[in-house]
Amino acid sequence: MKYTLFIYLFFLNFISAQNLKVEYEYVNKQDLSEYSAESSDAFKTQAQEQLKKAQKQVLYFHNGNKYYKNIATERFENEKERKKVDERTTSITKESFVIKPIKIYHKKNDSGFYQYQNFGDEEYYKYYAPKFSKVEYKNDVELIEKYTCKLAEVTLSGGGLVKVWYAEEFPVSAGPYVYNSFPGLVLKVESPNFIVYATKISNEGKETDFEPMNPKLKVLDQEKDQDKIQEIMKEASKVKETHTDIRL
């Protein structure tokens, strides 16, 4: 009887794991000063306070397809400088803070991802397949949202070390960002730049939650994406900025 009950519970969990909605909180550990040295101290202080707040992010998993996004926060502006040009004209320099939208798509049985890119007026998708230098599965365990998670230490191609905590109780390979190739649902990722951890897991994931990719936008591979970024930065350097955006 106990054996039969165990099989039933496992099967029930397997079925429910096909339609997941996982809510995460993301904490940024980076220093804002490296983004814009020309920003005013008052603006950087306000932006740092905003970055200290945990950001909401959500993973949807439905029939093997995955969609990961952040929940947009309100942007704010700061008046940096005001100059009187003449009796009728005043030049105002503003700087604004906005967190870039995160939209990452992973199609079933596809080794790569489609990530939405937005740089000013430039919108497109970057397609890339993540490569780790090394993945080591450890014996460490941690309880996250009542689920026992195991540890995998991931060495990135650039040498950075990332700790990935996954729950085998959910028999799916899914998680935030590119961390979804582990034998279970990833509930926590610790990197040198950020920490993201699950706060709620439910069976509310639906196909209608997936924001469709825009068919009008181009899809660039990783190499062409770098070329595009260089092109955008080169064009931006030709114009003296009077409106500073900090986009993380």
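Fair warning: this is a prediction, and the values are worked out from it, not measured in the lab. (Residues numbered from 1 in each chain as written. Predicted model: local features only at pLDDT ≥ 70, side-chain atom pairs only at ≥ 80, totals over all residues. Heavy atoms only, no water.)

Overview of the overall build of the protein
Secondary structure summary: the protein contains three helices and 15 strands in total. Intrachain contacts of the protein at a sequence separation of at least 6 include 58% that bridge at least 24 residues. For the protein, the accessible area works out to roughly 15300 Å², and carbon and sulfur atoms hold 50% of it. (Helix = DSSP H or I, 4+ residues; strand = E, 2+ residues; numbered from the N terminus. Contact = heavy atoms within 4.5 Å. Areas by Shrake-Rupley, 256 points an atom, 1.4 Å probe, with all protein chains shown as cover.)

Re the side chain of H106
Positionally, H106 belongs in strand β6 (residues 103–106). With a relative accessible area of 11%, H106 lands in the buried category. There is a polar contact of 2.4 Å between the side chain of H106 and the backbone oxygen of D110. Once residues within four sequence positions are removed from consideration, H106 is found in contact with G64, N65, K66, G112, F113 and N180. (Buried < 20%, exposed > 50% of the residue type's maximum accessible area, 1.4 Å probe, protein only. Polar contact = N/O pair within 3.5 Å; in protein donor to acceptor, adjacent residues only side chain to side chain.)

A closer look at the pattern of salt bridges
Counted according to the given criterion, the structure contains seven salt bridges. Put simply, E136 and K134 hold a salt bridge, and the shortest N to O gap is 3.8 Å. Here E142 and K188 are joined by a salt bridge, their closest N and O atoms 3.0 Å apart. Of this pair, E142 sits in strand β9 (residues 132–144) while K188 sits in strand β12 (residues 185–190); the two residues are 46 residues apart in sequence, bridging distant segments of the chain. Residue E142 is classed as partly exposed on the basis of its relative accessible area of 27%. Several salt bridges converge on common partners, so that one network encompasses K134, E136, K138 and E153. (Salt bridge = Lys/Arg side-chain N within 4 Å of Asp/Glu carboxyl O.)

Concerning the pairing of strand β3 (residues 65–70)
By the bridge criterion, six bridges tie strand β2 (residues 55–62) to β3 in an arrangement that is antiparallel. The residue of β3 that forms the bridge with H62 is N65. As consecutive antiparallel partners, β2 and β3 are separated by two residues, and within that stretch N63 has a phi angle of approximately 50°, a positive value. (Pairing = 2+ DSSP bridges.)

Looking at the pairing of β6
Alternating residues of β6 divide into K103 and Y105 and I104 and H106, and every residue in both groups is buried. Sheet analysis places β3 next to β6, joined by four bridges and oriented antiparallel. Paired with K66 across the bridge in β6 is H106. Strand direction decides the pairing type here: β6 and strand β7 (residues 113–119), joined by two bridges, are antiparallel. Residue pairing in the sheet places Y105 in a bridge with Y114 of β7. The turn linking β6 back onto β7 is made up of six residues, and N109 within it adopts a positive phi angle of 65°.

So, the environment of N193
Structurally, N193 is set in the loop between β12 and β13 (194–202). With relative accessibility at 39%, the residue N193 sits in the partly exposed group. Each residue touching N193, except ones within four places of it in the same chain, is listed here: V27, N28, K29 and Q30.

Things to note about helix α2 (residues 41–52)
Across its twelve residues, α2 extends 16 Å between first and last C-alpha, which sits within 8% of the 16 Å expected from 1.5 Å per residue. Within α2 the residues assigned to the buried category are F43, K44, A47, Q50 and L51. The buried residues of α2 occupy one face: seen down the axis, they fall within an arc of 120°. Exposed residues lying more than 90 degrees from the buried face of α2 are D41, A42 and K52. (Expected span 1.5 Å × (residues − 1). Arc of directions from axis to C-beta.)

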